[in-house]
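Coordinates in review
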Amino acid sequence: MASVGNVILETRALTKRFGGLEAIRSVDFKLERGELRAIIGPNGAGKTTFVSMISGRIRPSSGRIFFEGRDITKMKAHDRAGMGIVYTFQIINIFRNLPVYENVSLAVQRRLAGGGAGIFRVDEEELHREVDAILERIGLRDVAEQEAGSLPYGHQRLLDIGLALALNPKLLILDEPTQGLAINEIDEVMRMIRELHRERTIMLIEHNMQVVLELAKKITVMDKGTIIAEGTPEEIEGNIEVQKVYLGL
Amino acid sequence: MYVANKGLGKALALHIGVIAGFFILQFIVPPFHAAMLTRIMVLATYAIGYNILLGYTGLMSLGHAMFFATGLYAAGLSVIYYGLPPLEALPLAILLSAVMSATMGAITLRTSGVFFLIVTMIFSQVFFLTTLYFNMITGGEEGLVLTRYLKPISLGLFSVELTDSVVKYNFALIIFSIAFLFSLWLTRSPVGRVLIAIRENDERAEMLGYNIYKYKLLAFTMSGTISGMAGAAYALVFAYIGSALASILYSINPLLWTLLGGAGTTIGPIIGTGLMIYIIDFTSGITSSYLIVVGITLMLLVLAFPPGIVGAIKRRWIRWLP
Ligand SMILES: Nc1ncnc2c1ncn2[C@@H]1O[C@H](COP(=O)(O)OP(=O)(O)O)[C@@H](O)[C@H]1O
Ligand SMILES: [Mg+2]
C-alpha cells in the first residue's frame with residue numbers, strides 16, 4: 001500500500017446547482033494519499049455529481065478543488081486525466097464498436113505519448129507490450145480482437161476499469177463498478193480493486209455494503225448534497241444519522 | 001494473439017494496387033475515359049480530404065467548398081495575375097488552404113451537431129458570394145480560363161505542358177496518390193486512432209485525457225488542406241476557375257461521394273466519386289436532372305444503405321480494410 005499521510009485531494013465549499021436544485025452543498029472533503037475511500041449514500045444524494053466535479057466532467061457552481069496542493073478548479077477534464085485523476089463512469093463507457101485491443105491501446109497511448117506532439121511518435125513496440133500486459137491483468141487477452149460491445153456485461157466493466165488502469169492514475173475514481181454484475185463478476189472486480197489499491201489512491205462509490213465493508217477502511221456518507229458522516233465502518237454502522245437516512249431506519 | 005499491425009501489408013498492397021491500376025488504365029482506355037478518370041482522380045482527392053473529417057472524426061461539414069475553392073482560386077489567380085509556374089502555385093495554394101481551414105476550424109468547432117453543419121455552410125456561402133462580388137478579379141460565375149497563362153512544368157532535362165492530356169492524367173494521379181497514401185497512413189497512425197475514438201465516443205476519449213478540440217482542429221485542418229490541394233489541382237488540370245466550384249453544390253458533392261462509397265474507409269471516397277461521376281455522365285449533362293440524381297442518391301443512401309459500398313464490403317467480407 002502506498003504511504004498514507006499527506007492530503008492528495010481536497011475540496012472547499014464545493015457547490016453544484018442544477019437550476020433550482022442544489023445537488024452539492026458546500027462540501028468540504030479531504031482524501032489522503034493511499035486511501036481507499038468508499039462513498040455511500042442513497043440514490044440522488046449527489047455522489048456522481050461530486051466526483052464529476054473532481055474529475056472535471058462538470059464545472060462547480062462555486063468552491064475550490066485542490067489536487068496535490070494545486071488548485072485545479074478551472075482545469076479541463078482531459079488535463080486532469082493527464083495529471084492522474086481518472087474517472088470511470090457509473091454507466092459502462094467504452095468504445096463499443098472498436099476491438100478490445102484498440103480500446104486499451106487508446107488509453108495506453110495517451111499515457112506513453114502525453115497530451116502534446118508526442119502523439120506523432122509513439123513507440124508501437126512498447127505500446128503493444130503494455131496493452132498486452134493490461135489485457136493480461138484484466139483477463140481479456142483471449143478476446144482482444146472482439147468488438148468491445150459484444151462482450152458480456154461483466155467483461156465490459158473489467159475493460160472499462162482496465163482503460164482507467166492503463167492510464168496509471170494517481171487517484172482512481174470508480175462510480176458504482178459492481179452495479180448490475182453477477183456475484184462471481186463482483187468478486188472479480190473486487191479482486192481488481194484490491195490489486196489496484198496497492199499502488200494508488202481510490203475513491204469508490206458503491207451501493208453494495210458487503211463490498212464497501214470488505215474494501216474500505218474509511219467511509220464517507222452523503223445525503224441531499226452534503227456529507228452527513230465520515231469514519232471507520234464501525235463508526236458509520238453505529239451512527240444514528242446514517243441509520244436514519246441511509247439504512248432507512 | 002492479436003497482432004497490432006495485422007493487415008498493414010495487405011492494406012498497403014491494396015493501396016499501391018489501386019494507384020498502379022490508375023497508372024496502367026491510361027494505356028488501355030480510350031481518350032474519353034482517360035479524361036473521365038482524370039476528373040475522377042482530382043475529385044476523389046477532394047472526397048479523400050472530406051472523408052478525414054466525416055469518416056474518421058465523425059464531423060459532417062457542409063462548407064468544404066470554401067476549402068476546395070481556396071485552393072482553386074489560390075492556384076488559378078496566382079497563375080493568371082502573378083505568372084507563377086504550376087509547381088509554385090500548387091504549394092502556395094496548399095499553404096493558403098491550410099491557413100484557411102485552421103482558421104475556420106478554430107471558429108466552427110466551437111459548435112457541434114447541426115449547428116456545425118449550418119455554421120460551416122454559412123461561412124462557405126460567404127466565401128462563395130465573395131468570389132462573385134470580386135468578379136472583376138475572379139471572373140465570377142463565368143470564370144476564367146488559365147490555358148494561356150500555364151507555364152510548362154520543368155523536370156530538369158525536359159519540360160512538360162499541363163495542356164497535354166497525358167500530363168494532366170499523371171499530374172492528377174500524383175496528387176491523388178499523395179492524398180490516398182496520406183489517408184492510409186493517417187488511419188493507422190496514433191493520431192488517426194484518436195480521431196476514430198472521438199468519432200466513436202468523444203466523452204470517453206476526453207476522459208482518457210485527450211484534448212478533443214485540438215484533435216478535431218487537427219482533423220479539420222488536414223481535411224481542408226487536402227480539399228484545397230484538390231481544388232488547386234482542379235484549376236491547374238482543367239485550366240479553369242469559376243464561382244460554381246465554390247457553391248453549395250460543391251460542398252454537397254464530397255459528402256455524397258463519401259457516403260456512397262463508404263465513409264470511414266480509405267477506398268470508399270474513390271469508388272463513390274468514380275461511380276457518381278459516371279452516373280451523372282450517363283444521365284447526361286442537364287443541370288436540373290443532375291440535381292435530381294444527386295437528391296435521389298442521397299435519399300436512398302441515408303434511408304437504405306448507410307454504410308456505403310465499401311463500408312458494406314468491409315463489414316461483411318474484408319474486415320481489415322482501413
Ligand atoms: N445534469 C443534471 N441536470 C439536472 N439535475 C441533475 C443532473 N445530474 C444530476 N442531477 C440531480 O442531482 C442530484 C444528484 O444526482 P447524482 O449526483 O447522480 O446522485 P447519486 O450519484 O448520488 O445517485 C439528483 O437529484 C439528480 O437528479
Ligand atoms: Mg450516481
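Just above sits the structure.
Thresholds, definitions, all that
The numbering scheme is per chain: residues are counted from 1 as the chain's sequence reads. The lettering of chains begins at A and the numbering of ligands begins at 1, in the order of writing. Since the coordinates come from a predicted model, pLDDT governs what is reported: local features require at least 70, and pairs of side-chain atoms require 80 or more to be given and counted, while whole-chain, interface and lining totals use all residues. As a convention, hydrogens and water are excluded, and side-chain values are obtained from all of the structure's heavy atoms. Only C-alpha atoms enter the line fits that serve as axes; for helices the fit covers just the stretch in contact. Angles between N-to-C directions range over 0 to 180 degrees. Helix numbers and strand numbers start at the N terminus; a helix is a DSSP run of H or I with at least 4 residues, a strand a run of E with at least 2. Angular relationships are summarised with four words: roughly parallel below 35 degrees, roughly antiparallel beyond 145, roughly perpendicular across 65 to 115, and oblique for the angles in between. Working rule for handedness: look at the near helix, and if it is turned counterclockwise from the far one by less than a right angle, call the crossing left-handed; if clockwise, right-handed. The contact definition used throughout considers only heavy atoms, calling two residues in contact when any of these lie within 4.5 Å. Residues are grouped as follows: Ala, Val, Leu, Ile, Met, Phe, Trp, Tyr, Cys and Pro are nonpolar; Asp, Glu, Lys and Arg are charged; every other residue, Gly included, is polar. Buried area is a sum: the accessible area each of two parts loses on coming together, probed at 1.4 Å, counted once for each and added. For salt bridges, the criterion is a side-chain nitrogen of Lys or Arg within 4 Å of an Asp or Glu carboxyl oxygen. For two strands to be treated as a pair, DSSP must find at least two bridges joining them. In this scheme, a residue with accessible area under 20% of its type's maximum is buried, one over 50% is exposed, and one in between is partly exposed, where area comes from a 1.4 Å probe on protein chains only.

Let's shift gears to the packing of helix H4 (residues 124–138) of chain A against helix H5 (residues 153–166) of chain A. Residue and element names in this part refer to chain A. Between H4 and H5, whose axes approach to 10 Å, the crossing angle comes to 140°. Here H4 lies oblique to H5, going by the angle between them. The chirality of how H4 crosses H5 is right-handed. Here Ile 134, Arg 137 and Ile 138 of H4 come into contact with H5, specifically with Leu 158, Leu 159, Gly 162, Leu 165 and Ala 166. Of the residues assigned to the contact of H4 with H5, the class counts are six nonpolar, one polar and one charged.

Attention now goes to the packing of helix H8 (residues 190–207) of chain B against helix H9 (residues 212–238) of chain B. For any two helices packed against each other, the geometry is given by the interaxial angle and the distance between the axes. Residue and element names in this part refer to chain B. One way to put it is that H8 packs onto H9 with a least axis distance of 10 Å and a crossing angle of 140°. Between H8 and H9, the interaxial angle falls into the category oblique. Pair H8 / H9 crosses with left-handed handedness. Taken together, the residues of H9 that come into contact with H8 (itself represented by Val 191, Val 194, Leu 195, Ile 198, Asp 202, Ala 205 and Glu 206) are Ile 212, Tyr 215, Lys 216, Leu 218, Ala 219 and Met 222. Of the residues belonging to the contact of H8 with H9, the class tally is 10 nonpolar, no polar and three charged.

At the interface, 35 residues of chain A touch 24 residues of chain B. Taken together, both faces of the contact between chain A and chain B bury some 2,900 Å²; the carbon and sulfur share is 60%. Joining chain A to chain B, the criterion identifies four salt bridges. Across the pair Glu 102 of chain A and Arg 193 of chain B runs a salt bridge whose closest N-O atoms are separated by 3.3 Å. Counting only elements with at least two residues in the side of chain A that touches chain B, the list comes to helix H2 (77–83), helix H3 (100–113), H4 and H5 of chain A. Among the elements that make up the side of chain A that touches chain B, the one with the highest residue count is H3 of chain A (seven residues). Looking at the side of chain A that touches chain B, its residues break down into 19 nonpolar, seven polar and nine charged.

Residue and element names in this part refer to chain A. The four strands are arranged S2-S1-S4-S5 in an open sheet whose pairing can be described as antiparallel. Looking at which strands have only one partner, the edges of the open sheet turn out to be strand S2 (21–32) and strand S5 (70–71). As defined by bridge partners, strand S4 (residues 62–67) adjoins S5 across two bridges and the pair is classed as antiparallel. Counted as the bridge partner of Phe 66 is Asp 71 from S5.

The subject of this paragraph is the environment of His 197 of chain A. Residue and element names in this part refer to chain A. As for its placement among the helices and strands, His 197 is situated in helix H6 (residues 183–197). Of the residues examined, His 197 reaches a relative accessible area of 11% and is grouped as buried. For the pair formed by His 197 and Thr 48, sequence separation is 149 residues and the distance between their alpha carbons is 21 Å.

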